[in-house]
Amino acid sequence: MAARAVILFDLDRTLVDFGVDGPILDRVLFDLTGLSEGGARFDGVGLTERGIAAEAARLAGLSLDVAFERYASLYTPLLHAALQTRPREALPGVRALLGALQAAEGVMYGLATGGMRANALLKVAHAGLEPYFDPPRGAFGDAHEARGDVFRAAALDCGWLPGERLVFVGDTPRDMEAALEAGGVPVGVATGAFDEAALRAAGAAEVHMRISSPPYRWPCFYGMDTGSRGQLLAANMEIEEIRS
């Protein structure tokens, strides 16, 4: 029997893309530091929210604990309000993929996102992805400044053991680098600001243009190891049934 696989997903621009975080980050960092365009003062792409708060603490001369508490109290209500102006949808192909993983034997999946748990779960709920993350396994950026630490914690929370396949799916070079640091296979999706070349340069083993694929309806004995149509979601359900 093949070893179990654990697959961990970044969230923003990998599973969802609401486009609201930039203005919120600027406002929160201005309130924390008094500096305009705070989000543009350092490269926050692929960082954890605790890592961003640490930079804000340095700029404002605050302790990290105080800065993070203020950061969280400001950010989450602003995010909740901003999401109400956005469509309640995930990126194309995400529901079908998560549905297939949910039905698959020998696969555990979860989130490995730099966002705070509260913020990540708001986005998951707004995209209608709660049924696929119940309970929400993985790790978040509340407790970790480094992306690699988030990935390692997420793997353990999903029950990963040495010798099992460990895959990280994300959209930034930092995701790819952190996946390698954590001992996993980095898979890039060019659904964000970075193209295939940038993701491969950071170590991506594979790069996909989107998280989707044609319906997979027939067995394959050459690497996929699916012995019967009964194991294949698309062989037994219509596309709309898979999406729902």
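Residues numbered from 1 in each chain as written. Predicted model: local features only at pLDDT ≥ 70, side-chain atom pairs only at ≥ 80, totals over all residues. Heavy atoms only, no water.

Moving on to the overall build of the chain. Scanning the chain for helices and strands turns up 10 helices and 6 strands. With 244 residues in all, the chain has 42% of them scored as buried. The long-range fraction of contacts in the chain, counting pairs at least 24 apart against all pairs at least 6 apart in sequence, stands at 64%. Surface summary for the chain: the accessible area is close to 12,200 Å², and the carbon and sulfur share equals 54%. (Helix = DSSP H or I, 4+ residues; strand = E, 2+ residues; numbered from the N terminus. Buried < 20%, exposed > 50% of the residue type's maximum accessible area, 1.4 Å probe, protein only. Contact = heavy atoms within 4.5 Å. Areas by Shrake-Rupley, 256 points an atom, 1.4 Å probe, with all protein chains shown as cover.)

As for its position among the elements, Thr113 is in the loop between β2 (107-112) and α5 (117-126). We classify Thr113 as buried; its relative accessible area is 2%. At 3.1 Å, the side chain of Thr113 and the backbone nitrogen of Gly115 are in polar contact. The residues touching Thr113, leaving out its near neighbours within four places in the chain, are Phe9, Asp10, Leu11, Ala120, Ala139, Phe140, Gly141, Arg147 and Val150. (Polar contact = N/O pair within 3.5 Å; in protein donor to acceptor, adjacent residues only side chain to side chain.)

This part covers the nonpolar core. Ranked by internal contacts, the top residues of the largest apolar core, which has 40 residues, are Leu15, Tyr71, Leu129 and Phe133. Per element, the largest residue contribution to this core is 6 residues, and it comes from helix α3 (residues 64-83). Ranked by size, the runner-up nonpolar core spans 16 residues in total, among them Ala155, Cys158, Leu166 and Phe168. (Core = buried A, V, L, I, M, F, W, Y, C linked by side-chain atoms within 4.5 Å.)

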